[in-house]
Amino acid sequence: MHRDKREQESQPPKQNKSQEEATARGSNVVTGCTKTLASAATSSDTSPLMTIIPVLVKHELSDSFIATYAFLDNGCDAVFASSLLQQRMNLRTQKRKLLIGTLTSKKTVNSKVVLDKLLVGDLNQKNFIPLPQVYIEDRIPVSAKDAPTQEDLRRWAHLCDIQLPVIPSEYPCIPEVTMMIGSNTPAATMPLELATGAIGEPYAVLTPLGWAVYGISGRSNKQVQTYFCSVIEDSLENLETQFQSYVNHEFNERMSDGRLAMSAEDQRFLNMVTGSVKTVDGHYEIGLPFRDGNPQMPDNRAVVESRTHFLKRKFIKNEQFKTEYTKAMEQTIEKGYAEPVPDDEINQTDGSTWYIPHHGVYNAEKQKLRVVFDCAITCQGRCLNKELLQGPDLTNTLVGVLLRFRQAQVALVADIEAMFCQVKVPVHDRNYLRFLWWPGGNVELPLREYRMVVHLFGATSSPACASFALKQTAKDNRNQFDELVTDTVSHNFYVDDLLTSVPTEEKAVKLSQDLRTICSKGGFHLTKWASNHQNVMDAIPE
């Protein structure tokens, strides 16, 4: 293969006449961007294939992902996602008005902005890139059929040995283009390697997301509309919010929060959780917050069993992966986070059974394997995460936690061990959380059915349930501890991370003792303590 970066940089590809005319009109920009954009030009020539590649999309604080297709286009200066991707990932959004600039006009459109921080990555899960603000459109009017295929590359000697990424069958997937990534995400198109031929021939660029191919002609003649897409203005504040900003002279946490008011669904979630919460064996137990009572789910065991056998093949190829994976799964069972399904319930077919596949993800920073349960898997149009209420965002704001952390001289930092796993699920809900595993990790044995006993990482309702249980710990024990202790539990945790400060070492030692005691009453174990004073650290048991 001939790959000459210098030639590529010094001699840009030669354009034919139709390409030169299109460039003069400014048509080297978004093709089929959004349905609200105005047409700029039309060509009857064979259209080039799109720069479409498969990617993984996930929340910043989650290891669960969805595989889909993204259209890379430098003619757009924003990132768009389809409403289908929003629904599958349960993304929180806020209404916005966008002033869109096209080739021939400007137009104000109603849109939504994603409040969650998203990452996009390659199929090998090696490179995840933070996305800037993401806007929601009904659909991205580009088809995955317009992506280059391996067959297209075989026509060119300098491209024929490039292997285009293919979405593995076991990945949760939306097999259509649900994202458009513009020029405001340069890391997505950063060239790591070039594959070039003669001037004017198509070429390929290895990006952090995989190989992207440019310049291959289409497979049939069709008319193509070209657009220019620029988000000129993103309007959030109306007259009312501007007035509120004017009269609020003090900086307060709520102003920096940016959260929407509690919805009817959020209120229903709180009512359900409040009605079901109780303490069992020193832990809080909260029922799964289903939207419409206990749902009737289809039998998806065969689908999950197929994905589990793919895991077996991966074990055979990678002994280290198998060892670490087995250790993680066995610890989950040994610690009581999961249990074998009772023999008399294994063949249960009343619709209250659902199987969840699992896979391993390496934490690059900790160099540790984490087993992730895929609660977004679908079967016959049903999905566990869609049946669950997400609940309100009960997490303290990071700004508020950090400001309170900096108020005093002596700092205290700690972490709740396996926070989600300390909140139990009632017995009558556990069959919705089944999974398959080989006893002891011995793949020569038949698969056995297990079920989670606790709220698991990957379920859309788990963050709200865990945060509710932690705050309930402070509420239920407020008469046994100083107000400083209960306020710290209520306001100084960011998810599972404690950050607080007090004026003296003596108060820090006393607070650390009380925090360990009150958190243990809710089943939460504080670990990974740190302080800027050695005397405080010496007083904390190892």
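None of these values were measured; they are calculated from a predicted model.

Further remarks concern the overall build of the chain. Helix and strand counts for the chain come out as 15 helices and 30 strands. Across the 542 residues that make up the chain, the buried fraction comes to 49%. In the chain, 76% of the contacts between residues at least 6 apart in sequence involve partners at least 24 apart.

This brings us to the pattern of salt bridges. Within this structure, the stated rule accounts for 15 salt bridges. The salt bridge partner of R301 is E305, with a shortest N-O separation of 2.8 Å. Note that R301 and E305 are positioned in helix α8 (residues 301–317) at a spacing of 4 residues, about one turn of the helix. Between K510 and D514 there is a salt bridge, with the nearest N and O atoms lying 2.5 Å from each other. Within this pair, K510 and its partner D514 are both found in helix α14 (residues 505–520), separated by 4 residues, close to a single helical turn. A residue is classified by how much of its surface remains accessible, and K510, at 41% relative accessible area, is partly exposed. Taken together, the shared-partner salt bridges connect R301, E305, R434 and E449 into one network.

Turning next to the confidence of the model for the chain. Here the chain averages 82 in pLDDT, while 81% of its residues score no lower than 70. This model gives residues 237–243 a pLDDT under 50, and the stretch forms 1 contact once residues within four places in sequence are excluded. Overall, residues 245–258 carries pLDDT values under 50, and its contacts beyond four positions in sequence, including any with other chains, amount to 13 contacts.

A cluster of basic residues, K327, K335, K368 and K528, forms a positive patch at the surface. Following the sequence through the fold, K368 ends up in strand β22 (residues 368–373). Judged by its relative accessible area of 55%, K368 falls in the exposed class.

Conventions we followed
Residues numbered from 1 in each chain as written. Predicted model: local features only at pLDDT ≥ 70, side-chain atom pairs only at ≥ 80, totals over all residues. Heavy atoms only, no water. Helix = DSSP H or I, 4+ residues; strand = E, 2+ residues; numbered from the N terminus. Buried < 20%, exposed > 50% of the residue type's maximum accessible area, 1.4 Å probe, protein only. Contact = heavy atoms within 4.5 Å. Salt bridge = Lys/Arg side-chain N within 4 Å of Asp/Glu carboxyl O. pLDDT = per-residue confidence, 0-100. Patch = residues over 30% accessible without salt bridge, like charges linked within 9 Å, V, L, I, M, F, W, Y side chains within 5 Å. Areas by Shrake-Rupley, 256 points an atom, 1.4 Å probe, with all protein chains shown as cover. Lys, Arg positive; Asp, Glu negative; His and termini not counted. Charge placed at Lys NZ, Arg CZ, Asp CG, Glu CD.

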